[in-house]
Amino acid sequence: MVERPEGEPGAQRDDAPEGAADDVLDRPLPEGVRRRVVALTAESFGALTLAELPPPLRQYARFTPTRRAKFAGNAMAAALESDAVFRQRIAGKLRETQAELAEALEHGTPPAAADPLDVAAAAYVLRPEGWVKLVAAAGEEAQRARAERAGEEAERELARLREELAQARGEARSEADRIRVDLDAVRKENESLRRKLRSALSDVKRGEAAVRKAEAATAEVRDRATTEKTAADSEVRRLKARIAEAETALETSRRSAREGRSVEDMRLRLLLDTVLDAAQGLRRELALPPASVHPADTVEAVAPGRMTPKDIATRALSEMDPALLDQLLALPQAHLVVDGYNVTKTGYPTMPLDKQRLRLLGGLAVLAAQTGAEMTCVFDGAELAAPVLLAPPRGVRVLFSKPGVTADELIRQLVRAEPPGRPVVVVSTDREVADGVAKAGARPVASALLLKRLART
């Protein structure tokens with residue numbers, strides 16, 4: 001044992017048993033004793049200076065006892081086992097904190113009421129005479145306590161398992177009873193299903209018998225139909241033969257009629273010659289002049305050399321040139337039909353409807369005064385909430401479509417009302433309207449063309 005100055009913590013006492021240092025623990029420390037030794041060392045660790053600590057333990061000097069035991073437990077146990085000086089310093093701190101337990105151990109009389117693990121941990125650090133036996137006895141005591149606790153826990157676990165077994169048996173009996181009841185219900189349902197199955201099989205058999213009967217009746221009807229078809233084919237052939245005979249007889253009768261009618265034709269020709277001769281004599285007696293007007297002269301059309309809307313269209317003017325509209329309106333008896341809202345919503349769509357109508361009609365009045373052409377402006381009456389009080393401008397006819405009739409249909413009616421050959425110009429960007437009036441003989445132009453022409457007035 002290393003000698004220490006008197007008064008140094010953990011110094012070897014002069015009256016310590018001489019054989020105490022010769023005791024050697026021939027087995028590892030019991031786990032419980034080891035934990036108590038580490039905890040005891042961690043508590044005494046902070047009372048030592050940094051120089052008094054072994055180098056491997058100095059890094060844990062500022063740790064709390066709990067963290068020290070957690071992170072430096074193995075290092076402290078190794079230092080206690082291998083470094084006698086460090087162990088004596090820890091023993092000195094133990095004598096200060098647990099003086100009564102240390103003194104009892106050094107006298108070989110550990111307290112009977114003390115925890116065996118605490119006694120073994122203190123004996124391991126102090127190393128009094130017989131400390132190995134104390135450590136071994138504490139280990140055995142701890143093992144016995146663990147065995148007792150394990151036995152108690154086993155008893156409790158066994159009791160719990162017995163309760164669970166009893167509960168499981170009860171539940172199993174309840175489940176068996178329930179299954180038995182369900183089985184009875186299933187058996188009853190099975191019997192009911194069997195009865196229904198037998199009934200269904202009987203119905204199937206009856207159905208099969210009915211099908212066989214229907215098939216037999218169908219075969220009989222088919223045979224009868226075949227027989228009737230054969231008879232009908234024979235009748236058709238007989239009728240065709242009779243028709244051929246009738247056609248032959250008809251041709252014979254027609255030939256006879258033509259031969260007999262030749263005499264009547266000769267009589268009619270003679271009568272006609274008589275009438276013609278009488279008419280010529282009447283014309284000589286009356287001295288009638290030759291006719292100067294023929295029925296063809298009463299049909300209104302475009303004579304050679306006169307311009308038509310189609311002639312205007314073939315000239316070199318652009319479809320959007322306002323001069324094209326002037327040429328169309330210069331035709332004799334030209335009639336301009338305007339799709340009102342189509343023009344206004346193309347030129348000034350943001351204005352209210354009443355302002356759109358007034359602006360368009362004002363421009364048409366000026367155009368009518370300039371060209372002298374007949375002008376009709378058509379508006380859709382479906383967009384009106386009430387009748388419009390409007391004084392049509394001079395030279396412009398204003399029309400609103402009736403309920404249920406669109407402005408497009410009213411324009412087509414106006415075009416169809418005109419006699420063939422009259423120049424009619426329809427202003428609308430609506431393709432359906434343009435195609436419809438073109439088929440009726442009118443000349444469609446775009447709304448933008450009229451807007452350009454009105455901008456010049």
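Residues numbered from 1 in each chain as written. Predicted model: local features only at pLDDT ≥ 70, side-chain atom pairs only at ≥ 80, totals over all residues. Heavy atoms only, no water.

1. A short note on the overall build of the chain
Threshold: Counting from the N terminus, the helices are the DSSP runs of H or I reaching at least four residues and the strands are the DSSP runs of E reaching at least two. In this scheme, a residue with accessible area under 20% of its type's maximum is buried, one over 50% is exposed, and one in between is partly exposed, where area comes from a 1.4 Å probe on protein chains only. By definition in these notes, contact holds between two residues if any of their heavy atoms fall within 4.5 Å. Under the convention used here, a 1.4 Å probe and the Shrake-Rupley method define accessible areas, while residue burial counts only the protein chains that appear.
For the chain, the helix and strand inventory stands at 14 helices and five strands. Within the span of the chain, comprising 457 residues, buried residues form 27% of the whole. A separation threshold of at least 6 residues defines the contact pool for the chain, and within that pool the share at least 24 residues apart is 60%. Summing over all exposed atoms, the chain offers an accessible surface of approximately 30400 Å²; the carbon and sulfur share of this is 56%.

2. Points about the packing of helix α11 (residues 353-371) against helix α14 (residues 447-455)
Rule in force here: In this analysis, axes come from line fits to C-alpha atoms, helices being fitted only over the stretch in contact, and the angle between any two N-to-C directions falls in the range 0 to 180 degrees. Roughly parallel refers to an angle under 35 degrees, roughly antiparallel to one over 145, roughly perpendicular to one between 65 and 115, and oblique to any angle outside these ranges. Classes in brief: Ala, Val, Leu, Ile, Met, Phe, Trp, Tyr, Cys and Pro nonpolar; Asp, Glu, Lys and Arg charged; the others, Gly included, polar.
Two elements in contact, α11 and α14, have axes whose closest approach is 10 Å; the angle formed by their N-to-C orientations is 70°. Put simply, α11 runs roughly perpendicular to α14. Contact with α11, carried on its side by Leu360, Gly363, Leu364, Leu367 and Gln370, involves Leu450, Arg453 and Leu454 of α14 and no other residues of that element. Split by residue class, the contact of α11 with α14 holds five nonpolar, two polar and one charged.

3. Brief notes about the nonpolar core
Here is the rule we go by: Remark: nonpolar core denotes a set of buried residues (Ala, Val, Leu, Ile, Met, Phe, Trp, Tyr, Cys) joined through side-chain atoms within 4.5 Å.
Formed by 33 residues in total, the largest nonpolar core has its most connected members in Leu57, Met76, Phe86, Ile90, Leu105, Tyr124 and Val125. Breaking this core down by element, the ones donating at least two residues are α1 (31-45), α3 (73-82), α4 (84-97), α5 (99-106), α6 (116-126) and α7 (131-286). Among the elements that take part in this core, α6 stands out by supplying nine residues, more than any other. For leucine 105, the contacting residues outside a window of four places in its chain are Pro110, Val119, Ala122, Ala123, Leu126, Pro128 and Leu134. By size, the runner-up hydrophobic cluster in this structure holds 30 residues, among which are Leu325, Leu331, Ala373 and Val396.

4. Re the packing of aromatic side chains
Short version of the rule: Only the six-membered ring of Trp is used, alongside the rings of Phe and Tyr, when aromatic pairs are assigned; centres must lie within 6.5 Å, and planes under 30 degrees apart are stacked while those over 60 apart are edge-to-face, with the rest tilted. Criterion for a charge above a ring: Lys NZ or Arg CZ within 6 Å of the ring centre, and within 35 degrees of the ring normal.
Under the defined criterion, the tally for this structure stands at two aromatic pairs. One aromatic cluster is present, formed by Tyr341, Phe379 and Phe400 through successive ring pairs. Between the NZ or CZ atom of arginine 67 and the centre of the ring of phenylalanine 63, over which it lies, the distance is 4.4 Å. One Lys or Arg, lysine 345, reaches over the ring of tyrosine 341 and ends 5.6 Å from the middle of that ring.

5. Describing α3
In plain terms, the rule: This arc describes the spread of directions from the helix axis toward the C-beta atoms.
Considered for burial, the residues of α3 that qualify are Gly73, Met76, Ala79 and Leu80. One face of α3 carries all of its buried residues, which in axial projection span an arc of 130°. Across α3 from its buried face, at more than 90 degrees, point the exposed residues Asn74 and Ser82.

6. A closer look at the pattern of salt bridges
Put simply, the rule is: Basic side-chain nitrogens of Lys or Arg form a salt bridge, by our definition, when they fall within 4 Å of a carboxyl oxygen of Asp or Glu.
Enumeration over the complete set of coordinates arrives at 19 salt bridges. Each of Glu374, Arg397, Glu418 and Arg422 takes part in salt bridges that share partners, so that together they form one network.

7. Quick word on the side chain of aspartate 408
Defined as follows: Positive: Lys, Arg. Negative: Asp, Glu. His and the chain ends are not part of the count.
Within the element layout of this structure, aspartate 408 appears in helix α12 (residues 407-417). For aspartate 408, which is buried and forms no salt bridge, the nearest opposite charge comes from arginine 412, at a distance of 5.4 Å. If sequence neighbours within four positions are ignored, aspartate 408 has contacts with Asp339, Asp430 and Val433.

8. Digging into the environment of arginine 89
Structurally, the position occupied by arginine 89 is in helix α4. Its relative accessible area of 17% is what places arginine 89 among the buried residues. A sequence separation of 41 residues divides arginine 89 from leucine 48, and the C-alpha atoms of the two residues are 8.1 Å apart.

9. Some details on the pairing of strand β4 (residues 424-427)
A regular strand carries its side chains on alternate faces of the sheet. Rule in force here: Strand pairing is defined by DSSP finding a minimum of two bridges between the two strands. When the strands point away from the viewer, a crossover counts as right-handed if the route from the first strand across the helix to the second turns clockwise.
By the alternation rule, side chains of β4 split into Val424 and Val426 and Val425 and Val427, which are all buried. For strand β1 (residues 335-339) and β4, the ladder comprises four bridges, and the chain directions are parallel. Opposite valine 338, over in β4, you have valine 427 as the bridge partner. Across three bridges, β4 lies against strand β5 (residues 443-445) in parallel orientation. Bridge assignment links valine 426 to a residue of β5, and that residue is proline 444. The parallel pair β4 and β5 is bridged by helix α13 (residues 431-439), and the resulting crossover is right-handed.

10. A look at the pairing of β1
Counting buried residues along β1, five of its five residues qualify, which places the element largely inside the surrounding structure. Burial along β1 is two-sided: the face carrying His335, Val337 and Asp339 and the face carrying Leu336 and Val338 are both buried. Across five bridges, the pairing between β1 and strand β2 (residues 374-379) is parallel. Bridge assignment links leucine 336 to a residue of β2, and that residue is methionine 375.

11. Overview of the packing of helix α9 (residues 322-329) against α14
Packed helices, taken two at a time, are described by the angle their axes make and the gap between the axes. The contact between α9 and α14 brings their axes to 8 Å, and the two run at 90°. The angle between α9 and α14 falls in the class roughly perpendicular. On α14, the residues that touch Pro322, Leu324, Leu325 and Asp326 of α9 are Leu449, Leu450, Lys452 and Arg453. Here the residues of the contact of α9 with α14 are counted per class, giving five nonpolar, no polar and three charged.

12. Section: the confidence of the model for the chain
Should pLDDT be low for a region, the predicted coordinates there are not to be read in detail. Rules: Values of pLDDT, which run from 0 to 100, indicate the predictor's confidence residue by residue.
Confidence along the chain averages 78 in pLDDT terms, with 76% of residues attaining 70 or more. Note that residues 1-22 has pLDDT below 50 and, in this model, 33 contacts with residues that lie over four places away or in other chains.

13. Regarding the sheet that holds β4
Strand order in the open sheet formed by five strands is β3-β2-β1-β4-β5, with parallel pairing between adjacent strands. Whereas interior strands pair on both sides, the edge strands pair on one side only; in this sheet they are β3 (396-400) and β5. In this sheet, neighbouring strand axes are inclined to one another by 20° on average, regardless of whether the strands run parallel or antiparallel. Along the sheet, α9 makes contact with β1, β2, β4 and β5, crossing β5 at roughly 150°.

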